[in-house]
Amino acid sequence: MHTKGASSDAIRVSTSSAPSTSSHGSAQDDYDSSGDVYVWGEVICDNTVRVGSDRVIRSTGKTDVLLPKPLESKLVLDVYHVDCGVKHAALVTKNGEVFTWGEESGGRLGRGSREDSLHPHLVESLAVCNVDIVACGEFHTCAVTTAGELYTWGDGTHNIGLLGNGTDVSHWIPKRISGALDGLQVAYVSCGTWHTALITSRGQLFTFGDGTFGVLGHGNRESILCPREVESLSGLKTIAVACGIWHTAAVVEVIVTQSSSSISSGKLFTWGDGDKHRLGHGDKEQRLKPTCVASLIDYDFYRIACGHSLTIGLTTSGQVLSMGNTVYGQLGNPRSDGKLPCLVEDIMSEHVVQVACGSYHVAVLTNKSEVFTWGKGANGRLGHGDIEDRKIPTLVEALRDRAVRHIACGSNFTAAICQHKWVSGAEQSQCASCRQPFGFTRKRHNCHNCGLVHCNACTSRKALRAALAPNPAKPYRVCDSCFMKLNSAAYSSTINQNKRKEAVPRHSGESNPDTKLAKAIVPSNLDMIRSLDSKAAKQGKKTDALSFLRTPQMTSLLQLRDIALSGGIDLNKSVPRAVRTSAVRSLNSSRAVSPFSRKPSPPRSTTPVPTTHGLSIAKTAADSLTKTNEMLNQEVERLRAQVDNLRHRCELQELELQKSAKKVQEAMTLVSEESAKSKAAKEVIKSLTAQLKDMAERLPPDQGAYDGSEAKQAHVPNGIEMYASMYTSMNGIHQPRNEPVLLMLKI
């Protein structure tokens, strides 16, 4: 992709097309034409501040975009798929390359850098793969290649198994997931905040990550480090899946018998946390295994999307059903209490072909290429020019005439892909470059790269590989700025190719061009790894973090070396084109060839085929591999020592906890005994007080006077002696001699 080598500061609107976050598929079959990406809601922006005359403080922030605006990019992109997360997003070009942008955290952008990205940047480590789709969670990102391989990257320290590679180590560049997926082709993947679900080409459903609330569907709440098939759905074909934060939903193909015939129908299954009635079962109980939503048994589903506490289903007839929390009106039906699934009635006159969910808002795309949104309106995520909530579907007027192809929802922002619209003379009366008005002598001309209208003087030159050119191999009229950009990109690409060729040692007797092409593969991959390491070193990363960055590429290089040394594969043989497999009943379409392909002519293949006779790796590459292997071994030993130390400390802490628990138990027992004794003593005192009062009332009123020194001793049968002064008579009035009565208790 020649335009990727350009280091221009000019910003242009990217030409893209993309499907939804949670419901894959297409609304149109026209994939050959370009498209424009529009975004709205809370998006990342540049907060760079100049301090003084020579100091600039660079930083990024967030801003609210209330109406759809074109996505700005420094590169000419032709996008096939896009997905949005919480604070970042990723897209795939028609040439199979992945670009990411947004806030960096734990490596979720996959570029080996700690810097935030305002504009889409290429994920270099996936440049040799043909990626089909991407999915974004809050802390991690996933990609599926046309060969059915799954790659994950991001912050693995937040939860066990988030990346599905058996560890909780973060990966700053993509790493392929194997193990249980060996021999299987992944067709679709969906990312939640703490877990991930994927569908194979045969309709098998696998999940991994945090198992809290039974969100993985394995019948328990255990976390899974690697992908594991959901056994309760084994033998059934899963055609769609979506992950919320603590719940999961899937559409499963079930054979239904009607009269004398049997037909397949997509039924909705949900499991995980049932709070806010998000599972649609009429209660708030957890479901540890996939459970069919009984109230929706009569509907035939084929798309599904999940929000924070929300589930949206789309039927084959274009109806939308919602279930879950009603706090912001995200159910789209003001009369529903959310306890049972409800129809979104205000959109029943439209045929919906795609649904997508953010945390608390919903977007749908109709067969008329119109977008409707409803739910929470904060940050302008609904695209209506304000921040008001909408309880019923409302048309996004700004996209009415934009021929929208796809929609995607992030947590608090939204993206739409529209067919590229040429600027006509009626809409623009002056040149986009020189700002001179058009007239009889100043004619209008469209630039075949940026699509804007320019005059003849500003579009006097032609260039190859223009973004909007019907044939990239032929020169087409472009404006002066695009001409310089395309030439600069082509020049940079040529220099890079020459450097790679010079890095390959020449051997006498080599005249086969296939041999030269294959030999250039290993140094290019090695240069890519070195460049990633140098970028990471500039960012201040430690050696232990970079060791994990090298792991996936070192593995691929070792595999490449083994293939190369074995020989026996001819590059002249035709490579079959990868066939797209979809886990859903989606429209069949093929990718158009990108006008900016990485290689001049060969078609896309499932995997690169680096083969020729007598291929050998350069000595410097082998030495580098050996040193890297030694560094990795040392790092592994160091980590093992840390693990042993932590395990020993954990055991000591467990012993201390056991001792403390024993002491607490003994103290509780002693407190219980003392409490019982105190209670018994209080009962005895109460009883004796009652006896004393009774004895005082029984004394005769005219009993003679007693000497103050005389006292009557009362013996109580329970062994407690009581002494009380007797009453004396003075002038016919009886008064107690001693106050208060003295009680002596022997316990």
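Since the model is a prediction, treat every value here as computed from it, not as a measurement.

(A) Structural view of the overall build of the protein chain. Broken down by element type, the protein chain carries 5 helices and 40 strands. The buried share of the protein chain, taken over its 747 residues, is 48%. Counted over contacts in the protein chain with a minimum sequence separation of 6, partners at least 24 positions apart contribute 57%. Carbon and sulfur atoms make up 52% of the accessible area of the protein chain, which amounts to about 36,400 Å² in all.

(B) Layout of the pattern of salt bridges. Enumeration according to the criterion identifies 14 salt bridges in this entry. Measuring nitrogen to oxygen at the nearest pair gives 2.8 Å for the salt bridge that ties E397 to R400. For D480, the salt bridge is made with R461, and the minimal N-O distance between the two is 3.7 Å. Taken as a pair, D480 in helix α1 (residues 480–503) and R461 in strand β35 (residues 461–463) lie far apart in primary sequence, 19 residues in all. A relative accessible area of 34% means that R461 is categorised as partly exposed.

(C) Broad picture of the nonpolar core. Counting 50 residues, the largest nonpolar core has I312, V320, V355, V364, L399, V404 and I407 as its most contacted members. Every residue in contact with L399, bar those within four places of it in the chain, is listed here: Y38, W40, P68, S369, V371, V404, A416 and C418.

(D) Seen up close, the environment of S359. Examined against the element boundaries, S359 turns out to sit in the loop between β27 (352–357) and β28 (361–366). The class of S359 is buried, set by a relative accessible area of 16%. In sequence terms S359 and G375 are 16 residues apart; their C-alpha atoms lie 9.5 Å from each other. Every residue in contact with S359, bar those within four places of it in the chain, is listed here: G307, H308, G410 and S411. For S359, the side chain forms a polar contact with the side chain of S411, separated by 2.7 Å.

(E) Representation of the confidence of the model for the protein chain within the structure. Mean pLDDT over the protein chain stands at 75; residues scoring 70 or higher make up 68%. Under a pLDDT of 50 for its full length, residues 539–618 has, in the predicted model, 183 contacts with residues more than four places off or in other chains. Below a pLDDT of 50 lies the segment residues 704–747, which in the model reaches 61 contacts outside its immediate sequence neighbourhood of four places, other chains included.

(F) Geometry of the pairing of strand β14 (residues 171–177). Counting buried positions along β14 gives 5 out of 7 residues, so the element sits mostly inside the fold. Pairing of strand β13 (residues 150–154) with β14, which is carried by 4 bridges, proceeds in the antiparallel orientation. Within the sheet, the bridge partner assigned to T152 lies in β14 and is K175.

(G) Structural view of the sheet that holds strand β9 (residues 98–102). On the basis of which strands lie adjacent, the open sheet formed by 4 strands has the order β7-β8-β9-β10 and antiparallel pairing. In the strand order of this sheet, the two ends are held by β7 (79–84) and β10 (117–122), each with one partner. Adjacent strand axes in the sheet meet at a mean angle of 15° when their direction is disregarded. Of the strand pairs in this sheet, β9 and β10 are connected by 3 bridges, and their pairing is antiparallel. Bridged to F99 within β10 is L122.

(H) Representation of the pairing of strand β29 (residues 371–375) within the structure. When you tally the buried positions in β29, you get 5 out of 5 residues, the bulk of the element. Alternating residues of β29 divide into V371, T373 and G375 and F372 and W374, and every residue in both groups is buried. Of the pairings in the sheet, the one linking β28 to β29 comprises 5 bridges and is antiparallel in character. Within β29, the residue paired with H361 across the bridge is G375. Between β28 and β29, which follow one another and run antiparallel, lie 4 residues, and S369 among them has a positive phi close to 65°. Examined bridge by bridge, β29 and strand β30 (residues 390–395) share 3 bridges and lie antiparallel to one another. What sits directly across from G375, in β30, is R390.

(I) The arrangement of the sheet that holds strand β19 (residues 237–243) in detail. The strand order across the open sheet built from 4 strands is β19-β20-β21-β22, with neighbouring strands paired in antiparallel fashion. Lying at the two open borders of the sheet, with one neighbouring strand each, are β19 and β22 (287–292). Between one strand axis and the next, the sheet turns through 25° on average, direction left out of account. Where β19 lies against strand β20 (residues 247–258), 6 bridges are found, and the strand directions are antiparallel. Across the sheet, the residue bridging to V241 is A250, located in β20.

(J) Seen up close, the packing of aromatic side chains. The final tally for this structure, using the stated rule, is 5 aromatic pairs. Aromatic side chains F213 and W246 sit 5.5 Å apart centroid to centroid with 65° between the ring planes, which places their arrangement in the edge-to-face category. Note that F213 is positioned in the loop between β17 (205–209) and β18 (224–229) and W246 in the loop between β19 and β20, a separation of 33 residues in sequence. Accessibility expressed as a relative area gives 25% for F213, which makes it partly exposed. Judged by its relative accessible area of 21%, W246 falls in the partly exposed class. Centre to centre, the rings of Y299 and F301 are 6.2 Å apart; their planes meet at 50°, and the pair counts as tilted. Grouping aromatic residues by their ring pairs yields a cluster made of F139, W194, F213 and W246.

The rules behind each value
- Residues numbered from 1 in each chain as written.
- Predicted model: local features only at pLDDT ≥ 70, side-chain atom pairs only at ≥ 80, totals over all residues.
- Heavy atoms only, no water.
- Helix = DSSP H or I, 4+ residues; strand = E, 2+ residues; numbered from the N terminus.
- Buried < 20%, exposed > 50% of the residue type's maximum accessible area, 1.4 Å probe, protein only.
- Contact = heavy atoms within 4.5 Å.
- Areas by Shrake-Rupley, 256 points an atom, 1.4 Å probe, with all protein chains shown as cover.
- Salt bridge = Lys/Arg side-chain N within 4 Å of Asp/Glu carboxyl O.
- Core = buried A, V, L, I, M, F, W, Y, C linked by side-chain atoms within 4.5 Å.
- Polar contact = N/O pair within 3.5 Å; in protein donor to acceptor, adjacent residues only side chain to side chain.
- pLDDT = per-residue confidence, 0-100.
- Pairing = 2+ DSSP bridges.
- Axes fitted to C-alpha atoms, helices over the stretch in contact; angles between N-to-C directions.
- Phe/Tyr/Trp six-rings, centres within 6.5 Å; stacked < 30°, edge-to-face > 60°.

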